[in-house]
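What follows is each chain in one-letter form.
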Amino acid sequence: MRADLLTGETAGLDEALAAVDGFDDALTEGLLRPRPAGAAALTALAQALAGSPPAARVAEAAEKTAAGAADEEHFVALAAARTALLGSVHDALTARAAEAVGRPRAEEIAPAPGERPRPVNLLLAARAWLSDLARAGWRGIDHEIVSGSAPVISAMLADPALRRLAALLDGFAVELAASCPGATLERVPARRWADLWSRAVLLTLPGAADAPAGGTATGRLLPLGVDLHEHATAVQSQVHGVFEPADGSPSRLVRASVSVPKPDSVVGAGLWQLLRPHMSLLAAVGEGRSVELTGMPVTAEGDLLWDDAHARAGESADPFVTARVALPAATDPVTAPLDRHPARIAVPVFLEGYERGTGEDGRPVFTVAGHPLPVDTGRIPVAGPLTPEAVAASGACVGLLRWDAGTFFVQPLAVERTVRKKTTALHAGAWAAGTTDKAGAKAEKAATDAVAVLRERAGRLLRK
Amino acid sequence: MVPPARPRKLAKVPFVELADGRLQGVVSSGSDIERVYVSSIAAGTYAFACSTNNNRPCGGARGSFCNHIRALVTEAVLQYGARRVARSLKVETADDEATAQTLTAAMTATRPPLDEAKAAAAVFSRFLRHLAYLELAPVTTPLPEMQWFPPSRAVA
Ligand SMILES: [Zn+2]
C-alpha cells in the first residue's frame, strides 16, 4: 500500500468542512430563530453549493431558515446540501484511498430509486420529530422533545422494510436522551449529531432508504473479516469478502450484512447469539471456510442481500491467504449516491512488514513504508480473541481503511502474530459462530442466561 | 456516543434505565414469579416510588427506599457505572468513591419524599417495549448508518 498517498492536503476539503461546521453550529443553537452567526452559516452553506443542481432550492431554504420561517421542506433541502458537501469530501478521500490501495475500481452507478411502497405517514411523522429537533437545536433538547420519537420508532421497528431509518432513529434518540437537557451539556458532538440528523431527514424521503438488488451473485465468497456495529438497541455485523464469480469475470469486493434490534442489556457475546441464527455466513467465518453462492441477490454497491437458501459452506479458506492472494486483484465497489460520506469509508486493506509504534494518544501506529498510519483498536468487539495488545504486537493485519477527523486510520479485523517462530491469526469475528475459548464460553453462558431471563419475563408479561 | 451497557445478571432486576429524568426499572418479586415491582428515583429530588405491575403500592417503600429500589440502584451501577448513575441522578459524590452503597446513602440522607408523579404505568410499558425487541425480525439489507455506531471497548 502507498501509505504516503494518505497524508497531505486534499484540495477543497477544508473549505467544504468549514461550511459543514458552520451549519452544525447553527443546528446546535437551533433553527427556530437563528442568530446572526447562524444565519451567516446558512448563507455560507448555500454559497458552497452554488452552481450545483440543488443550488436554488438550498439558497431559498437557507434564506427562509435564516429569517426564522423554515418549514420541513426547507430542512430537507438543508440536510441535502450538507450531505452533498460531505459527499464531495467522501469522493476526494475515496479517490485518494483507491490510489493508495492500488486496486481496480468499479464504474459509477446511477441511483436506482426504490420501488417498494412505503407507509408515508410514518416517514412524515419521523420528519416532524426531526424538524422539532432542528428547531430546538441540540442546546434546546429535553426529555419531552426526545421522547416524542418513541411512538414513531416503535411503529417503524415492526416493519422490516423501514428498519434502516428505524435503527438510526432509535440509536440517535437513546444518545440524545442520555444527553438531556442539552442546555447543560458540557460538549455537544455537533458534527456527529448533524450527520445522524441529516441522514435521517433524507431517509424520510420515500424510497431513499432502498438498496434494490441489481443482480445476482453465483460463485465463491472468500471472507476477509467481520466488522461489528452496535448501539443500545441494535446490532449489525458486516462480513467483508472477495467474491469470485463462477463465470470467470473479475473478482470483486462484497459485503454481507445482518442486523437485529436488541434490548440494551444484551451485549458482548449476546450480540453474536442474536445474529448467528440468521446468517450461515457467520458460521463459515468462524470455521474459516469459503461459501458457495448460487443466485444470491446483490446490489450495485456490492451488498449481498443474504439469504441462506442461496449459500452453502465451501472449502476451508484462510482470510490471510485471501488477503495476500485474492484481495489485490479484486474490484472495489462504488458507493451509492446517498451513502457518500467520510464516515462510510471502510476499504478492506492488507498490511504487513510495518514497524509497530505508539502514537501521542497512546494508540498503536503502523509505519508503512516510512509513513505512519494510526490504528483504531477501539472498534474491536469485546467478544472475540482480538485485543489491542495483540494488534500492537502483530506482524500482519487485515483491516478496514477509514477516515475521521482529518486522518486516515486502520481498523483491524484480524492480525497475525508470531510468538516463538509460530504464527497465529486472531480474528475480531472469531466468536461469531460460538467458541471453545474459556473466556469466550463464559461470556456466551452469561449472555444465554440474560436472554433466557428476558424471554421468560416476556412470556409471562408481554402477552397479557 | 453512549458506552454500551455492561453485562450483568438480569434475574433479579430485568430492566433498568436512566430516562425521563429518573432512574427507573423493574424488579422481580422474590416470592411470586407472576409479579414484578416498578421502581423509580427522580433526579435531583430523589423522590421515589415502588409499586407492583398491578398498581399496588410496595409495603416497604413508605418512609424510605425499599429493597427493590436499593436493588435497582445496585444493578444500575453494574449496568452503567457509578459515575453515570450519579451524574444522571444529580448525586454529589467523589467520582472515585462512588458505589451503589454510597449513592444510596447520599440519597436517603436527604430524606427524599414519595414520588407523586405516578410514573409506574409508563415505566412498565417501557419495560414491555424493551422486551418486545427480542421479538423483532432481523434483516439482511445493509444499514449504512450503523457505521456511526462502532462497538466500544470504553467502560462506562
Ligand atoms: Zn419496593
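Just so you know, these numbers come straight off a predicted model, no measurement behind them. (Residues numbered from 1 in each chain as written. Chains lettered and ligands numbered in written order. Predicted model: local features only at pLDDT ≥ 70, side-chain atom pairs only at ≥ 80, totals over all residues. Heavy atoms only, no water.)

## What about the nonpolar core?
As a rule of thumb, soluble globular proteins bury nonpolar side chains together. Ranked by internal contacts, the top residues of the largest apolar core, which has 97 residues, are Trp138, Met156, Trp197 and Leu401 of chain A. A per-element tally of this core places helix H4 (residues 72–101) of chain A first, with 13 residues. The residues contacting Leu401 of chain A, other than those within four sequence positions of it, are Leu6, Ala97, Val101, Ile345, Ala346, Val347, Val349, Leu373, Phe408, Phe409 and Val410 of chain A. With 51 residues, the next largest nonpolar core counts Ala217, Met296 and Trp431 of chain A together with Leu10 of chain B among its residues. (Core = buried A, V, L, I, M, F, W, Y, C linked by side-chain atoms within 4.5 Å. Buried < 20%, exposed > 50% of the residue type's maximum accessible area, 1.4 Å probe, protein only. Helix = DSSP H or I, 4+ residues; strand = E, 2+ residues; numbered from the N terminus. Contact = heavy atoms within 4.5 Å.)

## What about the domain arrangement of chain A?
Residues and elements named next belong to chain A. Domains assigned within chain A are domain 1 (1–73 + 83–100), domain 2 (114–209), domain 3 (213–329) and domain 4 (340–427). Counting from both sides, the interface comprises 15 residues of domain 1 and, opposite them, 17 residues of domain 2. Carbon and sulfur atoms make up 57% of the surface buried where domain 1 meets domain 2, a total of about 1400 Å² over both sides. Ranking the residues of domain 1 by area buried against domain 2 places Leu27, Thr28 and Glu72 at the top, with a combined share of 43%. Linking domain 1 to domain 2 there are two salt bridges. (Domains from an automatic or database assignment. Buried area = accessible area lost by both parts, 1.4 Å probe. Salt bridge = Lys/Arg side-chain N within 4 Å of Asp/Glu carboxyl O.)

## Describing the side chain of Ser179 of chain A
Residue and element names in this part refer to chain A. Counting through the fold element by element, Ser179 comes out in the loop between helix H8 (163–177) and helix H9 (190–203). By relative accessible area, Ser179 is classed as buried at 12%. Apart from the residues lying within four places of it in its own chain, the contact partners of Ser179 are Leu185 and Trp193.

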